[in-house]
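Residue-level structure breakdown
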Amino acid sequence: VRAEEHLPNTLRQVLIYNALGLKPPKFAHCSLILAPDRSKLSKRHGATSVGEFKEEGYLSEALMNYLALLGWNDGTEQEMFTKDELIEKFSLGRITKSAAVFDKQKLNWMNSQYIRQLDASDLERRLTDLWVEKGVLAGPDTEEARVIMAKTVEIFQEALVTLNQSVEEFETLLGFPLEATLADGKAKKCIEGGFYDVAKYIVDSYFVSGELKELVETEPESFKGFIKKVGKDLDKKGKNLFLPVRICMTGAMQGPDVGDQVYLVKKAESCINSGALVSFEERMRVLQKAVENVSVNA
């Protein structure tokens, strides 16, 4: 079984077999796999080897499934096949005559479906191996590392397109773009709604009373209880409470659960190697400076 570009060679090869007194094999020729512009697929179109796709975070089972459907189908609408199903259903008679086009978006979709179908423990193992290989995760056998990987799977499994994307998504949580967020016009309503009252309360809870600092150091998973206390003490609720708290803690107006982010950032301080990491202490100092600047300009 080989590509159609070998068709012109076939006659000469059969003649050679006959001249040598050998029985020629049966030849089958498949249409080429073309790039989206219908040119011959090459490196300028991206990854072209199995190893490169693995390095980009594609699952072997997803890539095998996708490649099997380039120039072949089983005559049904089924798109997801296990290896055993492909072995059982494949036949040369179902190979299409027209050239197949390599669609990276379709591969991405298929890979995301395979990631979603993985058991959480399986995905956690794969991501742990990947993060260690990339030098992001130190001490993978520590309790902190196990907690981080389990929570990462819980938060991101449904959204991942490739395994590599997990590193990018996680590092987004480690940053603290407070200054850029407050300067964005989208935050204006939140600021006018009492953002700095919440910010000052949080800063004082961390640097003055030490309540927040102790909570983060000992029970970061209990942060949601602290949010309720902020709302009660400041008589705030709904968006006037949750959005300011989110911005104070994460520096962003949207993202995963705030409590989960606080928990992950604190755990990450001990086992994550990333230039994107802004520790909780640093976050509070940045927030403190923002509150002080407002007080001076008031």
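See the structure printed just above.
Everything in this summary refers to the structure shown in the same document. (Residues numbered from 1 in each chain as written. Predicted model: local features only at pLDDT ≥ 70, side-chain atom pairs only at ≥ 80, totals over all residues. Heavy atoms only, no water.)

Structural notes on the overall build of the chain
In terms of regular secondary structure, the chain is built from 16 helices and 4 strands. Here the chain has a C-alpha radius of gyration of 28 Å; the compact-globule value for 298 residues is 19 Å, and the former is much larger. Counting only carbon and sulfur atoms, one obtains 52% of the accessible surface of the chain, whose full area is about 17,100 Å². Positive and negative side-chain charges in the chain, numbering 39 and 45 respectively, have mean positions lying 6 Å apart. (Helix = DSSP H or I, 4+ residues; strand = E, 2+ residues; numbered from the N terminus. Rg over C-alpha atoms; globule rule 2.2 N^0.38 Å. Areas by Shrake-Rupley, 256 points an atom, 1.4 Å probe, with all protein chains shown as cover. Lys, Arg positive; Asp, Glu negative; His and termini not counted. Charge placed at Lys NZ, Arg CZ, Asp CG, Glu CD.)

Some remarks on helix α5 (residues 104–117)
Since the α-helix packs 3.6 residues into each turn, any two residues three or four apart lie on the same face. With 14 residues, α5 should reach 20 Å at 1.5 Å per residue; the first-to-last C-alpha distance of 20 Å fits that figure. Those residues of α5 that fall on the buried side of the exposure criterion are Leu-107, Met-110, Asn-111, Ser-112, Gln-113, Tyr-114 and Ile-115. For α5, the secondary structure elements touched by its buried residues are α2 (50–55), α3 (60–68) and α6 (120–133). The backbone nitrogen of Gln-105 lies 3.0 Å from a side-chain oxygen of the residue at the head of α5, namely Asp-103. (Expected span 1.5 Å × (residues − 1). Buried < 20%, exposed > 50% of the residue type's maximum accessible area, 1.4 Å probe, protein only. Contact = heavy atoms within 4.5 Å. Polar contact = N/O pair within 3.5 Å; in protein donor to acceptor, adjacent residues only side chain to side chain.)

A closer look at the environment of Ser-270
If you trace the backbone, Ser-270 turns up in helix α15 (residues 258–271). Separated by 132 residues in sequence, Ser-270 and Ala-138 place their C-alpha atoms 8.5 Å apart. One polar contact links the side chain of Ser-270 to the main-chain carbonyl oxygen of Lys-267, over a distance of 3.0 Å.

Concerning the packing of helix α8 (residues 165–174) against α15
Where α8 contacts α15, the axes come no closer than 9 Å and their chain directions differ by 95°. Here α8 is positioned roughly perpendicular relative to α15, judged by the angle of their axes. In this structure, α8 uses Phe-170, Leu-173 and Leu-174 to contact α15, whose residues at the interface are Gln-261, Leu-264, Val-265 and Ala-268. Its residues assigned to classes, the contact of α8 with α15 comprises 6 nonpolar, 1 polar and no charged. (Axes fitted to C-alpha atoms, helices over the stretch in contact; angles between N-to-C directions. Parallel < 35°, antiparallel > 145°, perpendicular 65-115°, else oblique. Nonpolar A, V, L, I, M, F, W, Y, C, P; charged D, E, K, R; others polar.)

Comments concerning the environment of Val-101
Tracing the chain through its elements places Val-101 in strand β4 (residues 100–101). For the pair formed by Val-101 and Pro-36, sequence separation is 65 residues and the distance between their alpha carbons is 5.9 Å. Not counting residues within four places of it along the chain, the set of residues in contact with Val-101 comprises Leu-34, Ala-35, Pro-36, Arg-38, Tyr-66 and Leu-70.

Digging into the nonpolar core
Grouped together as the largest cluster of nonpolar side chains are 37 residues, with contacts concentrated most on Leu-127, Trp-131, Ile-148, Phe-170 and Ile-272. When residues in this core are grouped by element, the largest group, 5 residues, is from helix α7 (residues 143–156). If we ignore the near neighbours within four places in the chain, the residues touching Trp-131 are Val-136, Leu-137, Ile-148, Met-149, Thr-152, Ser-166, Val-167, Phe-170 and Ile-272. Among the nonpolar cores identified, the runner-up in size contains 30 residues, and Ala-199, Val-216, Leu-241 and Ile-247 belong to it. (Core = buried A, V, L, I, M, F, W, Y, C linked by side-chain atoms within 4.5 Å.)

Structural notes on the packing of helix α11 (residues 195–207) against helix α13 (residues 223–234)
A pair of packed helices is characterised by two quantities: the angle between their axes and the separation of those axes. The interhelical angle for the contact between α11 and α13, taken along N-to-C directions, is 120°, at an axis separation of 11 Å. The orientation of α11 with respect to α13, classified from their angle, is oblique. The chirality of how α11 crosses α13 is right-handed. Residues Asp-197, Val-198, Tyr-201, Ile-202 and Ser-205 of α11 lie in contact with α13, whose contacting residues are Phe-226, Lys-229, Val-230, Asp-233 and Leu-234. By residue class, the composition of the contact of α11 with α13 is 6 nonpolar, 1 polar and 3 charged. (Left-handed = near helix turned anticlockwise from the far one by under 90°.)

Considerations on the pattern of salt bridges
Per the counting criterion, the structure on display carries 18 salt bridges. Measuring nitrogen to oxygen at the nearest pair gives 3.5 Å for the salt bridge that ties Glu-143 to Arg-146. Taken as a pair, Glu-143 and Arg-146 lie in helix α7 at a separation of 3 residues, close to a single helical turn. Overall, the relative accessible area of 47% leaves Glu-143 in the partly exposed class. (Salt bridge = Lys/Arg side-chain N within 4 Å of Asp/Glu carboxyl O.)

Looking at the side chain of Arg-283
Within the element layout of this structure, Arg-283 appears in helix α16 (residues 280–297). Of the buried charged residues, Arg-283 lacks a salt bridge, with Glu-269 as the closest side chain of opposite charge at 6.7 Å. Within the structure, the side chain of Arg-283 is placed 3.0 Å from the backbone oxygen of Leu-174, a separation counted as a polar contact. Leave out the neighbours within four places in its chain, and Arg-283 touches Leu-173, Leu-174, Gly-175, Phe-176, Met-249, Thr-250, Val-265 and Val-278.

All we've got here are geometric facts, nothing functional implied.
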